[in-house]
Amino acid sequence: MLKKLYLPGILLFTITIISSSSLFAQAERPSLGVGVMIGEPTGVSVKKYMSERGAFDIGAAWSLANQNEALHIHANLLFQDNITKNPSLFFYHGVGARVLFASNAKVGIRAPLGLTYIFPNIPFDMFVEIAPILDVTPDIAFAGNGGVGVRYYF
């Protein structure tokens, strides 16, 4: 029964986040990006810029770690800064949450760190990210995510 609720739950969550984030100021460049992330977990990534330095991202993906396939959903508030004289390369950090829907479901606090390259003349970005996680239910434990991805902005 729960498996039948996964896709509608993800869609509702995504629509709610995107529609509520449209209340924030728009950046000069396109502010909504949709793409894929490959790593642990592997799936869909959505990023919404709220300002030049702030963004909100969500991911819905399959966690394949430890041969225990599970649906992984995360949401983060991100802050980014230029780290070089290159105006297209950004370091970002943030805080968020993740839920792992496995036979032993887990909820945790996520602290993503990464690099984003925003292409100057086309509406794409590329990113690489690591995210330490402190699971708080059902037991306190450390975990982590990491991967690379691309997004198209419109």
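Residues numbered from 1 in each chain as written. Predicted model: local features only at pLDDT ≥ 70, side-chain atom pairs only at ≥ 80, totals over all residues. Heavy atoms only, no water.

## Some remarks on the side chain of Ser-45
Move 1: Tracing the sequence through the fold places Ser-45 in strand β2 (residues 42-49).
Move 2: For Ser-45, the side chain forms a polar contact with the side chain of Arg-151, separated by 3.0 Å.
Move 3: Residues contacting Ser-45, with those up to four places away along its chain left out, are Gly-33, Val-34, Gly-35, Val-36, Met-37, Ile-58, Phe-127 and Arg-151. (Helix = DSSP H or I, 4+ residues; strand = E, 2+ residues; numbered from the N terminus. Polar contact = N/O pair within 3.5 Å; in protein donor to acceptor, adjacent residues only side chain to side chain. Contact = heavy atoms within 4.5 Å.)

## Some thoughts on the side chain of Ser-31
Move 1: Within the secondary structure layout, Ser-31 lies in the loop between α1 (2-21) and β1 (32-40).
Move 2: The exposure class of Ser-31 is buried, given its relative accessible area of 5%.
Move 3: A polar contact is formed between the side chain of Ser-31 and the side chain of Lys-48, at a distance of 3.0 Å. (Buried < 20%, exposed > 50% of the residue type's maximum accessible area, 1.4 Å probe, protein only.)

## Regarding the pairing of strand β6 (residues 106-110)
Move 1: By the bridge criterion, 5 bridges tie strand β5 (residues 89-101) to β6 in an arrangement that is antiparallel. When the sheet's bridge partners are listed, Val-99 is paired in β6 with Val-107.
Move 2: Counting the residues that bridge the hairpin from β5 to β6 gives 4 residues.
Move 3: Pairing of β6 with strand β8 (residues 124-137) involves 4 bridges; the strand directions are antiparallel. When the bridges of β8 are listed, Ile-109 appears paired with Leu-134. (Pairing = 2+ DSSP bridges.)

## Observations regarding the confidence of the model for the protein chain
Move 1: For the protein chain, the mean per-residue pLDDT works out to 85, and 79% of the residues sit at or above 70.
Move 2: Confidence drops under pLDDT 50 across residues 18-27; counting only partners more than four residues distant or on other chains, this segment forms 14 contacts. (pLDDT = per-residue confidence, 0-100.)

## Description of the packing of aromatic side chains
Move 1: Considering all chains together, one arrives at 4 aromatic pairs under this definition.
Move 2: Arranged with centres 5.3 Å apart and planes meeting at 65°, the rings of Phe-124 and Tyr-152 form a pair that is edge-to-face. Placement of Phe-124 in strand β8 and of Tyr-152 in strand β9 (residues 141-153) is noted, with a sequence separation of 28 residues between them.
Move 3: Residue classification places Phe-124 among the partly exposed positions, given a relative accessible area of 35%.
Move 4: The class for Tyr-152 is partly exposed, based on a relative accessible area of 39%.
Move 5: Here the aromatic rings of Tyr-152 and Phe-154 are separated by 6.1 Å at their centres, their planes lie at 25°, and the arrangement is stacked. (Phe/Tyr/Trp six-rings, centres within 6.5 Å; stacked < 30°, edge-to-face > 60°.)

## A look at the environment of Leu-89
Move 1: Inspection of the secondary structure assignment puts Leu-89 in strand β5.
Move 2: Counting along the chain gives 28 residues from Leu-89 to Tyr-117, while the straight-line C-alpha distance between them is 4.6 Å.
Move 3: Those residues in contact with Leu-89, other than ones at most four positions away along the chain, are Asp-81, Asn-82, Ile-83, Thr-84, Thr-116 and Tyr-117.

## Focus: unusual backbone geometry
Move 1: Look at the link from Glu-40 to Pro-41: it is a cis peptide, with omega at 5°.
Move 2: With respect to the helices and strands, Pro-41 occurs in the loop between β1 and β2.

## Quick notes on the pairing of β1
Move 1: Inspection of the sheet shows β1 paired to β2 by 6 bridges, in the antiparallel sense. Each residue of the ladder has a partner; that of Gly-33, found in β2, is Lys-47.

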